[in-house]
Amino acid sequence: LQRRVQIRETIRTHLRRERELYSRGVKVLSLFFIDEVSKYRLYDGDSGSGRSGEYAKMFEEEYVAVAEAFRREIDDPAYRAYLDGIDARETHQGYFVEGKIDRKSRTSSDADAYDLIMRDKERLLSLDEPVRFLFSHSALREGWDNPNVFQICMLKPQTESEIRSRQEIGGGLRLCVNQEGERMDESVLGGAVQELNKLTLITDMEFGRFAEALQ
């Protein structure tokens with residue numbers, strides 16, 4: 001139940017921030033760190049076919065419910081059309097480090113996710129690309145930098161090293177960019193730069209205490 005609540009709150013926070021930034025041409029991303037790959041995607045032996053795990057199913061169920069309720073609050077027809085044009089199944093994707101999944105179990109979907117998340121950052125930041133929610137076990141901790149991560153949800157306990165946890169949170173501490181690649185810094189936003197570039201962490205109480213200590 002706790003993980004479902006975290007997923008639900010991440011989606012709610014994401015949509016609120018997305019509604020705020022859509023008119024500025026800023027693509028909003030949310031990042032989930034999970035405890036087990038199999039909770040997002042299950043692989044069936046040597047067939048290589050992947051199917052949704054517990055977290056993926058939870059996400060789609062909650063996304064449909066939250067987005068439907070959220071539509072009643074939208075007064076911007078352009079943003080409403082954008083939201084209505086994205087399917088729950090198409091707006092999330094995951095990528096996991098080599099070794100967490102055997103090479104035999106790689107699918108074309110895995111390859112597409114790798115290219116999108118790890119290589120084609122410009123496409124990922126485009127409003128034409130439906131993927132907005134990313135799931136990772138460990139692949140995005142180091143060597144991955146995306147300025148438009150506004151929400152980080154920890155679907156795992158805070159049992160790892162402090163350095164690793166700092167790296168994970170650091171993935172959301174960047175100044176975002178718009179569709180032209182323009183950095184949304186003080187020269188563009190003035191005094192609103194801090195509020196617009198705010199990172200929201202959705203965690204359990206233990207990880208929450210760790211995050212508060214970093215302020």
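All values reported here derive from a predicted model rather than from experimental measurement.

Engineer: Explanation requested: the overall build of the protein chain in the structure shown.
Structural biologist: Broken down by element type, the protein chain carries nine helices and seven strands. Expressed as a percentage of its 215 residues, the buried residues of the protein chain come to 49%. Here the analysis covers contacts within the protein chain between residues at least 6 apart in sequence; of these, 71% occur between residues at least 24 apart. As displayed, the protein chain offers around 10800 Å² of accessible surface, 45% of which is attributable to carbon and sulfur atoms.

Engineer: Looking at this structure, how should I read the sheet that holds strand β4 (residues 92–94)?
Structural biologist: Across a sheet, strands are paired by hydrogen bonds formed along the backbone, either parallel or antiparallel in direction. What the five strands build is an open sheet, ordered β4-β5-β1-β6-β7; its pairing is parallel. The open sheet has two edge strands with one neighbour each: β4 and β7 (200–202). Shown here is a sheet whose adjacent strand axes are inclined to one another by a mean of 20°, direction ignored. Pairing geometry for strand β1 (residues 29–34) and strand β5 (residues 133–136), over four bridges, is parallel. Bridge pairing links F32 to F135 in β5. Running over the sheet, helix α2 (residues 54–70) touches β1, β4, β5 and β6 (149–155) and is turned about 160° from β5.

Engineer: In this structure, what is going on with the side chain of N178? I would like to understand it.
Structural biologist: Position of N178 relative to the elements: it lies in the loop between α6 (162–170) and α7 (186–189). For N178, the side chain forms a polar contact with the main-chain nitrogen of E180, separated by 3.0 Å. At a separation of 2.9 Å, a polar atom in the side chain of N178 contacts the main-chain amide nitrogen of E182. Ignoring anything within four residues of it in the chain, the contact list for N178 reads R24, G25, V26 and M184.

Engineer: What is the right way to look at the packing of aromatic side chains in this model?
Structural biologist: Between two aromatic rings, the relevant description is the distance of the centres plus the angle of the planes. Across all of its chains, the model carries 11 aromatic pairs by this definition. Aromatic pair F32 and F59: ring centres 6.2 Å apart, planes at 80°, arrangement edge-to-face. Here F32, found in strand β1, pairs with F59, found in helix α2; they are 27 residues apart in sequence, far enough to count as distant. F59 carries the same exposure label as F32, and that label is buried. Here F32 and F135 contribute two aromatic rings whose centre-to-centre distance is 4.3 Å and whose plane-to-plane angle is 5°, an arrangement assigned as stacked. Of this pair, F32 sits in strand β1 while F135 sits in strand β5; the two residues are 103 residues apart in sequence, bridging distant segments of the chain. The exposure class of F32 is buried, given its relative accessible area of 0%. Taken together, the ring pairs in this structure connect F32, Y40, F59, Y63, F133 and F135 into an aromatic cluster.

Engineer: What's the story with the pattern of salt bridges in this structure? I'm lost.
Structural biologist: Two side chains bearing opposite charge may form a pair once their charged atoms approach each other closely. In the structure shown here, the tally under the stated rule is 15 salt bridges. E20 is the salt-bridge partner of R17, the closest N and O atoms lying 3.4 Å from each other. Highlighted residues: R17 and E20, both in helix α1 (residues 2–21), separated by three residues, approximately one helical turn. With relative accessibility at 42%, the residue E20 sits in the partly exposed group. Each of the salt bridges in this network shares a partner with another, and the network as a whole consists of R4, R8, E61 and E62.

Engineer: Can you help me understand the confidence of the model for the protein chain in this one?
Structural biologist: As a note on interpretation, predicted positions should not be read in detail where pLDDT is low. Here the protein chain averages 83 in pLDDT, and 76% of its residues register 70 or above. Low pLDDT, under 50, characterises residues 98–105; the stretch is placed with 14 contacts to residues that sit more than four places away or in other chains.

Engineer: Sorry, what's going on with the environment of L29 here?
Structural biologist: Summarising the element assignment, L29 is placed in strand β1. The class of L29 is buried, set by a relative accessible area of 0%. Along the sequence, L29 and H92 sit 63 residues apart, while their C-alpha atoms lie 10.0 Å from each other. With residues up to four places along the chain from it excluded, the contact list for L29 reads H14, L124, L125, V131, R132, N146, N148, V149, F150 and Q151.

Cut-off values and rules
- Residues numbered from 1 in each chain as written.
- Predicted model: local features only at pLDDT ≥ 70, side-chain atom pairs only at ≥ 80, totals over all residues.
- Heavy atoms only, no water.
- Helix = DSSP H or I, 4+ residues; strand = E, 2+ residues; numbered from the N terminus.
- Buried < 20%, exposed > 50% of the residue type's maximum accessible area, 1.4 Å probe, protein only.
- Contact = heavy atoms within 4.5 Å.
- Areas by Shrake-Rupley, 256 points an atom, 1.4 Å probe, with all protein chains shown as cover.
- Pairing = 2+ DSSP bridges.
- Axes fitted to C-alpha atoms, helices over the stretch in contact; angles between N-to-C directions.
- Polar contact = N/O pair within 3.5 Å; in protein donor to acceptor, adjacent residues only side chain to side chain.
- Phe/Tyr/Trp six-rings, centres within 6.5 Å; stacked < 30°, edge-to-face > 60°.
- Salt bridge = Lys/Arg side-chain N within 4 Å of Asp/Glu carboxyl O.
- pLDDT = per-residue confidence, 0-100.

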